[in-house]
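Residue-level structural notes
Letter by letter, the chains look like this.
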Amino acid sequence: MKRALKNARQGMDQLLEISEVIKHTLSENFQTTKIVEVRTFATENAEGEGLLQIYVVIDGTPKDVDAHELSGAVRLVRPKLDEIDEQRFPIFSFVSKKEIGDRPIAPR
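Residues numbered from 1 in each chain as written. Predicted model: local features only at pLDDT ≥ 70, side-chain atom pairs only at ≥ 80, totals over all residues. Heavy atoms only, no water.

Digging into helix α3 (residues 73–83)
By the burial criterion, the buried members of α3 are Ala73, Leu76, Val77, Arg78 and Leu81. Downstream of α3 by one or two residues, aspartate 85 has phi in the positive range, about 60 degrees. (Buried < 20%, exposed > 50% of the residue type's maximum accessible area, 1.4 Å probe, protein only. Helix = DSSP H or I, 4+ residues; strand = E, 2+ residues; numbered from the N terminus.)

Brief notes about the nonpolar core
Among the nonpolar cores identified, the biggest contains 17 residues, and Ile22, Leu26, Ile35, Ile54, Val56 and Phe92 are the most heavily contacted of them. Looking at this core, the elements with two or more residues in it are α1 (2–29), β1 (35–44), β2 (50–58) and α3. Ignoring sequence-local partners within four residues, the contact set of isoleucine 22 consists of Val38, Thr40, Ile54, Val77, Leu81 and Phe92. Ranked by size, the runner-up nonpolar core spans six residues in total, among them Val57, Val95, Ile100 and Ile105. (Core = buried A, V, L, I, M, F, W, Y, C linked by side-chain atoms within 4.5 Å. Contact = heavy atoms within 4.5 Å.)

Considerations on the pairing of β2
Within β2, eight of the nine residues are buried, which leaves the element mostly enclosed by the surrounding structure. Hairpin connection of β1 to β2: five residues between the antiparallel strands, including glycine 48 at a positive phi of 85 degrees. (Pairing = 2+ DSSP bridges.)

Overview of the sheet that holds strand β3 (residues 89–96)
Pairing between sheet strands relies on hydrogen bonds along the backbone, with the strands arranged either parallel or antiparallel. A sheet is described by the order of its strands in space; here three strands give the open sequence β1-β2-β3, paired in mixed fashion. With partners counted over all chains shown, the strands left at the sheet margins are β1 and β3, one partner each. In this sheet, adjacent strand axes meet at a mean angle of 20 degrees when their direction is disregarded. In this structure, β1 lies alongside β2, joined through nine bridges in antiparallel fashion. Its bridge partner lying in β2, glutamate 37 is registered against valine 57. Taken strand by strand, α3 contacts β2 and β3, and its axis lies near 130 degrees from that of β3. (Axes fitted to C-alpha atoms, helices over the stretch in contact; angles between N-to-C directions.)

With respect to unusual backbone geometry
Despite not being glycine, aspartate 85 has its phi angle at roughly 60 degrees, a positive value. Checked against the element boundaries, aspartate 85 lands in the loop between α3 and β3. Owing to a relative accessible area of 65%, aspartate 85 belongs among the exposed residues under this scheme.

Printed below as a string of structure tokens:
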């Protein structure tokens with residue numbers, strides 16, 4: 001039981017680090033889109049390969065966002081994930097702070 005809890009904590013710490021790397025990278029590179037929060041969840045595809053489901057909360061509404069910035073997110077983030085030895089592929093969902101309000105972000 002203690003080992004399971006320790007592994008769960010390490011997994012959560014790793015996901016928090018990944019979220020921070022992503023937030024920093026996107027904030028540094030996006031000119032018009034303000035990043036409010038990033039939440040990362042570990043998941044798998046149908047073949048059992050690890051994925052990262054990443055929710056990026058942005059300031060403003062979807063019409064305020066530059067689609068070119070959002071479409072380049074994977075290209076910007078992959079090298080930074082490689083630097084921390086993270087091999088899972090990132091799947092991004094962008095949501096505005098106004099849309100979610102105070103509701104918590106949870107994986108699908």
